[in-house]
Amino acid sequence: MNTPLSAPLMQMALRAEPDIFVLRQRGREVATAVGLEYQDQIRIATALSEVARDLVRAVGGADAAFRVAGVEEGSPVLRVDLAPLRPFGPAGYEPTSGAVARLVDSLTLTPADGVTVIRMSRRIPANAEALTPQRLAELRAQLAQSAPASALDELALQNEQLIAALDEVRSQRDELAVLNEELQETNRGVLALYNQLSEELEETNRGVVALYAELDEKSAQLKAASESKSRFLANVSHELRAPVTAVIGLARLLADSASDPLTSEQARQVGLIRSSATDLLALVNDLLDLAKAESGRIEPDWTEVDLRVVFGQLRGTLRALATRPGVDLVVEEPPSPATLRSDETLLTRVLRNLLHNGLKFTEAGEVRMRADLVDGRWRIVVTDTGIGIAPDQHERIFEEFYQVPGSTSSVGTGLGLPYARRLAMLLGGSLGVTSVPGRGSAFTLDLPVDGA
Ligand code: ADP
């Protein structure tokens, strides 16, 4: 005989209360046979008996059919159809116990063969024995033979299952209590750690705040000290300028041919007074300039400056200085157009200072100045082939009064470079140096095209 796959595994009629027990028991039997797990066997059996009770009371019973579906799709389910003896009323069917639907994977009202059946199904686990047509035929035969147990047997079994379920619930509750305890313990630990961390954080924060306050105080003190230094320098230089200028004037008068003639010794001494006073005046002027630049009292006079004009003037005025026979002063012609927004006087001062230093510290070779437009900024470089500066002195030479030990062949104040750097900054640029001792130096003035 060739039974179709969809043929029921087992069918039975539900007509009276005692049949409910039979349906329950048969349901569990089928569930076991198709490979449902123990818990699922009880679930489906319980759902069946609940729905069966509803059906016996409401419509006088039903015909139950057990099938296996979904085998070909690879997701087999045990499906039970309960076809009521009489149609349901207009309200349809709703299980008395709301929990029934949760016992199975689906519980629906489905039209089948002209009647509305109650269909419930439960997935058969993947590890169950494969439900081949041959296996299904075997199951059909096996279920047809097994006789239903009595209602009493089923009741006893039901009781056993209930006790087992209760035990399981109890053990789960105990496990839950243990877990809860552990969780509380962990929570307490986390809370303690959190408290400790936030205390430490607060402590650190307090330290940082105190440190910042101290830093603020120190920088205010530093600022005040620097301001009073500038004020002191400005005042002293200003006060010194008048008497020193007077000394120079008097010395000039004494040496004047219109005055009484001096002995040669007197003339030599007056000459010494005059040259010392001139040096002193240069120092005083440098100090005054620097103090002014530092206190921010120099306001650049921004105009359109032509570098070719500036270079031309410097070429002219410094040629006279380059008196050493073995040293050439080369001021290159800047590329055209060579304009920028700047302060011509201040810019000239910076460049003159650099050229002056180059000539001062170069015994042989050349001092050269050139300008290039690099990445939209002017780069003016003054190079020399002089004594050079050791790397550890590169920043120090920009400090006030600092002179590289042993380098000062001629007079100087050690104020030229700090002043030049100040002015470069005022003009929106920067001043730096690269140098190799014995080979020469390169001072680079970097300036914006459109001012600060
Ligand atoms: P000053 O030239 O009056 O001593 P500066 O501030 O201009 O003061 O220079 C500081 C020092 O830096 C100089 O005394 C010198 O030691 C060093 N220096 C400056 N320019 C050069 C240079 N072109 N070559 C070598 N050393 C230099």
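S.K.: If you had to explain the overall build of the protein chain to someone new, which residues and values would you point to?
M.R.: Of regular secondary structure, the protein chain possesses nine helices and 12 strands. Here the C-alpha atoms of the protein chain give a radius of gyration of 54 Å, more than 25% beyond the 22 Å that 2.2 N^0.38 yields for 452 residues. Taken along the three principal axes of its C-alpha coordinates, the protein chain extends 155 × 50 × 45 Å. Relative to its full complement of 452 residues, the protein chain shows a buried share of 34%.

S.K.: Describe the site of the ligand, naming the residues involved and giving the relevant values.
M.R.: Neighbouring the ligand are 23 residues; Asn 357, Lys 360, Gln 403, Ser 407 and Leu 417 lie closest to it. In this structure, Lys 360 approaches the ligand through a side-chain N or O atom, which is 2.9 Å from an oxygen atom. Interatomic distance of 3.3 Å between a backbone N/O atom of Gly 416 and an oxygen atom of the ligand. Relative to its unbound accessible area of 530 Å², the ligand is 97% covered by the protein chains. Comparing atom positions with the cavity grids shows the ligand to sit within the largest pocket. At the level of secondary structure, the elements contributing two or more residues to the shell around the ligand comprise helix H8 (344-360), helix H9 (416-426) and strand E12 (440-448). Looking at the shell around the ligand, its residues break down into 10 nonpolar, 11 polar and two charged.

S.K.: Help me get a handle on the sheet that holds strand E4 (residues 106-112), residues and values and all.
M.R.: Pairing is antiparallel in the open sheet, where five strands are placed in the order E1-E2-E3-E5-E4. Each end of this open sheet is capped by a strand with a single partner; those strands are strand E1 (10-14) and E4. Direction aside, neighbouring strands of the sheet carry axes that sit 25° apart on average. Two strands pair when backbone bridges link them, and E1 and strand E2 (residues 62-69) are joined in this way by five bridges, in the antiparallel orientation. If you follow Met 10 over to E2, its bridge partner there is Phe 66. Contacts between helix H1 (residues 17-34) and the sheet are confined to E1, E2 and strand E3 (77-84), with E1 contributing the most and set at about 165° to the helix.

Quick notes on the rules
Residues numbered from 1 in each chain as written. Predicted model: local features only at pLDDT ≥ 70, side-chain atom pairs only at ≥ 80, totals over all residues. Heavy atoms only, no water. Helix = DSSP H or I, 4+ residues; strand = E, 2+ residues; numbered from the N terminus. Rg over C-alpha atoms; globule rule 2.2 N^0.38 Å. Buried < 20%, exposed > 50% of the residue type's maximum accessible area, 1.4 Å probe, protein only. Near = heavy atom within 4 Å. Polar contact = N/O pair within 3.5 Å; in protein donor to acceptor, adjacent residues only side chain to side chain. Areas by Shrake-Rupley, 256 points an atom, 1.4 Å probe, with all protein chains shown as cover. 1 Å grid on protein atoms, 1.4 Å probe; cavity = no way out; pocket = protein on both sides within 12 Å on 5 of 7 lines; lining within 4 Å. Sits in = over half its atoms within 2 Å of the grid points. Nonpolar A, V, L, I, M, F, W, Y, C, P; charged D, E, K, R; others polar. Pairing = 2+ DSSP bridges. Axes fitted to C-alpha atoms, helices over the stretch in contact; angles between N-to-C directions. Contact = heavy atoms within 4.5 Å.

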